[in-house]
Amino acid sequence: MDKNSETIKNLKIRKMSREEAEFAIEMAAAEGWNPGVHDGELFYEADPEGFFIAELEGKPAGCASAVVYDNDFGFLGLYVVKPEFQKKGIGMKLTEKCLEHLGDRNIGLDGVVENEEKYQKAMKFKSSYSNLRYQGKGGGETPDGMVKVSEVPFGKLLEYDRRMFPALRPGFLKKWINQPDSYAFATLEAGDLKGYGVIRKCRVGYKIGPLFANDQGTAEKIFRALKASVPGEFIYLDVPEPNKKAVEMAEKYNMNVMFRTIRMYSRKEPDIELDKVYGVTSFELG
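Rules used throughout
- In this numbering scheme, every chain counts its residues from 1 along its sequence in written order.
- Under the rules for a predicted model, residues below a pLDDT of 70 receive no local features and side-chain atom pairs below 80 are neither given nor counted, while totals for whole chains, interfaces and linings still include all residues.
- Computation of side-chain values covers all heavy atoms of the structure but excludes hydrogens and water.
- Take the buried Ala, Val, Leu, Ile, Met, Phe, Trp, Tyr and Cys residues and link them wherever side-chain atoms come within 4.5 Å; each set so joined is a nonpolar core.
- Whether a residue is buried, partly exposed or exposed follows from its accessible area with a 1.4 Å probe, protein chains only, as a fraction of its type maximum: under 20%, in between, or over 50%, in that order.
- Only DSSP runs of H or I with at least four residues qualify as helices, and only runs of E with at least two residues qualify as strands; both kinds are numbered from the N terminus onward.
- In this document the domain limits rely on a domain assignment from an automatic tool or a database.
- The definition used for a disulfide is geometric: two cysteine sulfur atoms within 2.5 Å.
- Axis lines are fitted through C-alpha atoms, for helices just across the contact stretch, and the angle between N-to-C directions can take any value from 0 to 180 degrees.
- Any angle that falls under 35 degrees is termed roughly parallel, while one over 145 is termed roughly antiparallel, one within 65 to 115 roughly perpendicular, and all others oblique.
- Crossings are sorted by hand: turned counterclockwise from the far helix by less than a right angle, the near helix makes the crossing left-handed, and turned clockwise it makes it right-handed.
- Throughout, a contact is declared for two residues whenever any of their heavy atoms are within 4.5 Å.
- We call Asp, Glu, Lys and Arg charged. Ala, Val, Leu, Ile, Met, Phe, Trp, Tyr, Cys and Pro are nonpolar, and the rest, Gly among them, are polar.
- Aromatic pairing here means that ring centres of Phe, Tyr or Trp (its six-membered ring) are within 6.5 Å. Orientation follows from the plane angle: under 30 degrees is stacked, over 60 is edge-to-face, and everything else is tilted.

If you check an unreviewed UniProt entry, the protein appears there as GCN5-related N-acetyltransferase from Methanosarcina horonobensis HB-1 = JCM 15518.

Dropping the structure here:
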């Protein structure tokens, strides 16, 4: 029996407890993903059955998440194997567990560029487009006409969010817009929601996500309000590259690309209004 076979024989993959979700966040931080300070709780509660930990002789070796949103859509994320345990087949076993949990749903993920071919060949995922992470600085003034997202009727917000995301996500969204150390703004016109955005505190600076808006002007107003909430802090915005107006907005405000991910799906690309996605909610949960 070779060493990898011996490793897999001794491997245990099980569901994480709520407390162990913090291990996944620490792993993500070690990879340089700069998670939000409350991401452990918020991510886990999106699907408590969908977080997995790999153990060797009782010691954590890796983790992954597989969040089920509804009967048709799920998302893979937080896929990390500790460096000393890589190339031993642990990652594939974690993936198999995640895919088992997600079943026959269309599955999304944001993969690092160097793993794109692996996801295509080993998991038969199809590449859809790049997401670009931009970095800038907070500050400026809040535009007139902003309302707090908490003042928007939740049913209206949920319906609007569904146009830009492949599934309804009521439980997650309610907690996401009300998380500590965050700011969330929206714009309304004659009672209709025109856009909304959230900025949350991370290990370094603040991340904006989501930022959904009907047009570039609305997106800019919300972006400026979020930016003004954290003066002097680094801010990050994850932009779908096909939305050229979102790219234009980020560059207009002197933001620079740090890296990119590849958005991939196990089936076809979902029918969402990508031209209204100015900022992705998160690379871990979609």
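Formed by 44 residues in total, the largest nonpolar core has its most connected members in Y69, L157 and Y196. The dominant element in this core, judged by the number of residues it contributes, is helix 2 (residues 21–30), at six residues. Looking at this core, you find at least three residues from each of domain 1 (11–129) and domain 2 (133–279). If you look at the next biggest cluster of nonpolar residues, it comprises 24 residues, including I199, L211, V247 and M255.

Taken as a whole and judged by the stated rule, the model has zero disulfides. Here C98 is not cross-linked by a disulfide; its sulfur's nearest cysteine counterpart is in C63, at 9.4 Å. Overall, C98 belongs to the buried group, its relative accessible area being 1%. Of all cysteine sulfurs, the one in C63 lies closest to C202, which takes part in no disulfide; the gap is 17 Å. Overall, C202 belongs to the buried group, its relative accessible area being 2%.

Moving on, we get to the packing of helix 8 (residues 216–228) against helix 9 (residues 244–252). In a packed pair of helices, the relevant descriptors are the angle between the two axes and the axis-to-axis distance. At a closest axis distance of 10 Å, the pairing of helix 8 and helix 9 adopts a crossing angle of 40 degrees. Judged by the angle between their axes, helix 8 and helix 9 are oblique. With respect to the hand of their crossing, helix 8 and helix 9 are arranged in right-handed fashion. Across from Q216, A219, E220 and F223 in helix 8, the residues of helix 9 making contact are K245, E248, M249 and K252. Taken together, the residues that form the contact of helix 8 with helix 9 break down as three nonpolar, one polar and four charged.

Turning next to the packing of aromatic side chains. Tallied over the full model, the rule gives 11 aromatic pairs. When the centroid spacing of 5.0 Å and the interplanar angle of 75 degrees are considered together, the rings of Y69 and F165 count as edge-to-face. One end of the pair, Y69, is in the loop between strand 3 (59–68) and strand 4 (73–81); the other, F165, is in the loop between helix 6 (154–164) and helix 7 (170–176), with 96 residues separating them in the sequence. Each member of the pair, Y69 together with F165, is buried. Geometrically, the ring pair formed by F223 and Y253 is tilted, given 5.1 Å between the ring centres and 55 degrees between the ring planes. Here F223, found in helix 8, pairs with Y253, found in the loop between helix 9 and strand 12 (256–265); they are 30 residues apart in sequence, far enough to count as distant. The exposure class of Y253 is partly exposed, given its relative accessible area of 21%.

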